[in-house]
Amino acid sequence: MTTRRQFLWQGTFAASTLLLPRRARPRMRSAPAPASALDPTTLKPFVDALPIPAIAKADGQRTLQSAGTTALPYYRIEMNFFEARVHRDLGPTEFWGYGGTFPGPTIEARSGQGFLIDWVNRLPDKHLLPIDTSLHGAETQFPDVRTVVHAHGAKAPPESDGYPEAWFVPGESALYHYPNAQDAATLWYHDHALGITRLNVYAGLLGAFLVRDDAEDALNLPAGECEIPLILCDRTFERSGRLSYPVSTPPANPWASEFFGSAILVNGKLYPYLDVKPRKYRFRVINASNSRFYHLTLSTGQGVQQIASDQGLLEAPVTLKTLSLAPGERADIVVDFAGNRGEEIVLNSDAYTVMQFRVAHGIEIDRSGVPSLLRPVTKILESSAIKTRTLTLDEMDDMVGDPVTMLLNQSHWCAPITEEPVQDTVEIWNLVNLTDDAHPIHLHLVRFQILDRRRFDTSLYQMRRTLRYTGRVVAPEPGEAGWKDTVRADPGMVTRIIVKFSGYPGRYVWHCHILEHEDNEMMRPYNLLAAS
Ligand SMILES: [Cu+2]
C-alpha cells in the first residue's frame, strides 16, 4: 500500500506539479507532544550548577600522510552511549556524546597549529530515535547508526570536513586533520551524517571548538575561569527523563519539519545556575539547537557587549539588550556584573527561563577590559566579485499545506553540482527566500560578510522568475557586521553575502542549519575548484 506522503514523495520526481511551493503558512508537520511528556516548568529552577565541559587533551603525537611529514598533536575522541541527569529531580536520560559527555569536551586550538583528531564511533547498533527511511541517504539499505563529524566554522581539508556521505559505523573511526590556519573564533563540532543529522545531534553529539590567537590574547579580554562556553540547545523529555523527539504520521515517515523543545539546556543542564564574581565575564554563546532561534535577555534589562560573531572578533564591541542567534550561529559576549553585587540575574529567551547568574558580594579587582577596537575587519569589495549567483530557498508542500521537502535552488542533494567557485576568487550569493520561514544558511570551509537584505515580490518571482524589490536595502545588524559562516536568510527577503573562497580544493556542502530541513534536502554539495 502506498501512503499519501510516499505517493507525493515519488511525485517529486515523477510529476512535480503535485507539489506546491509554499504560499500560505501551513501547519508544522509533526504530531503533538505525547501525554507522557515532561512539563519542565514543574521542576525547581536553579538547583544544578552550570557544568563547564572538560578541555580535550592530546594523546601524544602522530603523523598523517595527507597532513605532511611533521608529527602533530593527536586527540582520540570516542562517541559513547551514556546516561546523565539534566536536572536534579529528573531521572537519568540516555544520551550519545563525544567523550561520553553532552556536550562533548571543548577542543582548544591555536591559530596556525594543526592537530589530528581520531573520531571513534563506539555507539550501539540501534538508534535512540526513530529514523525516517524515506529521507535521502537514510533509506533502509543503510545502517541505522552512522556518524561523521563536522567542525562548524573550521577551515579544514575536504577529507576532514565531515562530508555527509563520509559516515562510519560503530567499530569504525576516522582520522581528521585540522590545520587551524584561521583567526581566533568560537567554532563548534557536531554530527553531519546524511539524513539523520537532526537525530544524531539531538542524541547529544555536539561540543565547542575554540580557536585562539595572539592578537586576541593581546586584547586582555576576560579569560580563564571568567571565559565560559554557553552551549544552548532545546530538548523535550518524558517524565521518566527519556529524550522525546516528535514524530509525524504516517509512522513509516516520522520526519517533522521543525523541532521546538519544551526545555532549554545550557551545557547539558536544565535551568542551571552559575556563581559569578562582580566583574566582567566572556561567554561564548553557541546555538546548537535543531530549529530554535534564541532572543536572549537579562532579567535586569542591562546590556551586554557582543565582541565576536561566528568567525571571530568584530571590529568594535556592540552593546545589545537582546542577543539573537539562529541555529548554528555563535556570539561572544562580555557581561559586566560589577554593578550587580549580591544580585540573582536570570537569562531568558522569549518566554523561556534559560539560566541564572548569582553575583557574589564584595570587591573584585578586574584587570580585564574590552578595547574599543578589537580587530580590523576589511570589507570585501563588491567590485572584486567575479560571479554573482542567485539561489532560491524553497519549501514544497503537499495538497493540504504540510511541508514535504525543503530545497536549495529547487535542487535535490543528488542533482548534479551547480556551485563550483574557484579557489581564492570572490563571489556574491543572493539567497532568495521564497518560504515563510527564516533559514540559517551555512557554507562550509569559508567565512563571509553579509552585504544586505532586501524585501522583494515573492509572487512575481514564483510566476516569472523576475526579481522586483519592494523594500529598502537593509544593512546587516551591528553584531552581524564581522566575519560570518552562517547567515539568517529572512522570509520574503533577498539576503546577499560576499565570499572569498579561500581554502582547500575539493567537495564541501552548503545548507540550511535547521537540522530538520538539512536532513530533508535543504543541503547541496559544492566544489571548490583549484586555481589554474
Ligand atoms: Cu531551513
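Draft legend 1. Broad picture of the nonpolar core. Of all hydrophobic cores here, the largest spans 91 residues; its most connected members are Trp119, Phe209, Ile441 and Leu443. For this core, the leading source of residues is strand 11 (residues 206-212), giving five residues. Those residues in contact with Trp119 that sit more than four places away from it in its chain are Ile77, Met79, Tyr98, Ile107, Val149, Phe168, Glu172, Ser173, Ala174, Tyr176, Tyr178 and Tyr189. By size, the runner-up hydrophobic cluster in this structure holds 31 residues, among which are Val266, Phe283, Tyr294 and Leu314.

Draft legend 2. Focus on the coordination of the copper ion. Around the copper ion, the donor atoms from the protein are His439 (ND1), Cys512 (SG) and His517 (ND1), and they sit 2.0 to 2.1 Å away. The sequence motif formed by the donor residues of the copper ion is H-x72-C-x4-H. With His439 in strand 28 (residues 439-443) and Cys512 in strand 33 (residues 506-512), the pair connects residues that are 73 residues apart, well separated along the chain. No difference in accessibility class separates His439 from Cys512, as the two residues are buried.

Draft legend 3. Structural view of the sheet that holds strand 10 (residues 185-191). Strands sit in the order 6-11-10-8 across an open sheet of four strands; the sheet is mixed. Edge positions in the sheet fall to strand 6 (107-110) and strand 8 (149-152), since each has one partner strand and no second. Ignoring strand direction, the axes of neighbouring strands in this sheet form an average angle of 25 degrees. Strand direction decides the pairing type here: strand 6 and strand 11, joined by four bridges, are parallel. The partner of Ile107 across the bridge, within strand 11, is Phe209.

Draft legend 4. Spotlight on the sheet that holds strand 34 (residues 523-528). The strand order 31-28-33-34 describes an open sheet built from four strands, whose pairing is antiparallel. This sheet does not close on itself; its edge strands, each paired only once, are strand 31 (486-489) and strand 34. Along the sheet, successive strands turn relative to each other by an average axial angle of 25 degrees, direction set aside. Pairing of strand 28 with strand 31, which is carried by four bridges, proceeds in the antiparallel orientation. Across the sheet, the residue bridging to Ile441 is Val487, located in strand 31.

Draft legend 5. Seen up close, the environment of Pro130. Mapping Pro130 onto the fold places it in the loop between strand 7 (115-121) and strand 8. Overall, Pro130 belongs to the partly exposed group, its relative accessible area being 40%. Along the chain, Pro130 and Arg472 lie 342 residues apart, while their C-alpha atoms are 45 Å from each other. Excluding anything up to four places from it in sequence, Pro130 contacts Leu199, Val247 and Pro254.

Draft legend 6. Geometry of the pairing of strand 29 (residues 448-456). For strand 29, a buried count of seven out of nine residues is recorded, marking the element as mostly surrounded by other parts of the structure. Relative to strand 32 (residues 493-500), strand 29 runs antiparallel, the two sharing seven bridges. Paired with Ile450 across the strands is Ile497, a residue of strand 32. Pairing analysis gives three bridges linking strand 29 to strand 30 (residues 469-474), with the strands arranged antiparallel. Its bridge partner being in strand 30, Phe456 is matched across the sheet by Tyr469.

Draft legend 7. Region of the structure containing the pattern of salt bridges. Within this structure, the stated rule accounts for 33 salt bridges. The closest approach of N and O atoms between Glu216 and Arg284, which form a salt bridge, is 3.9 Å. Here Glu216 is found in helix 3 (residues 214-217), whereas its partner Arg284 is found in strand 17 (residues 280-287), with 68 residues between them in sequence. An identical accessibility class is assigned to Glu216 and Arg284; each is buried. Residues participating in the shared-partner salt-bridge network are Glu108, Arg212, Glu216, Glu227, Arg282, Arg284 and Asp332.

Procedures and definitions
- Residues numbered from 1 in each chain as written.
- Predicted model: local features only at pLDDT ≥ 70, side-chain atom pairs only at ≥ 80, totals over all residues.
- Heavy atoms only, no water.
- Core = buried A, V, L, I, M, F, W, Y, C linked by side-chain atoms within 4.5 Å.
- Buried < 20%, exposed > 50% of the residue type's maximum accessible area, 1.4 Å probe, protein only.
- Helix = DSSP H or I, 4+ residues; strand = E, 2+ residues; numbered from the N terminus.
- Contact = heavy atoms within 4.5 Å.
- Donors = N, O, S within 2.8 Å, 3.2 Å for Na, K, Ca; no water.
- Pairing = 2+ DSSP bridges.
- Axes fitted to C-alpha atoms, helices over the stretch in contact; angles between N-to-C directions.
- Salt bridge = Lys/Arg side-chain N within 4 Å of Asp/Glu carboxyl O.

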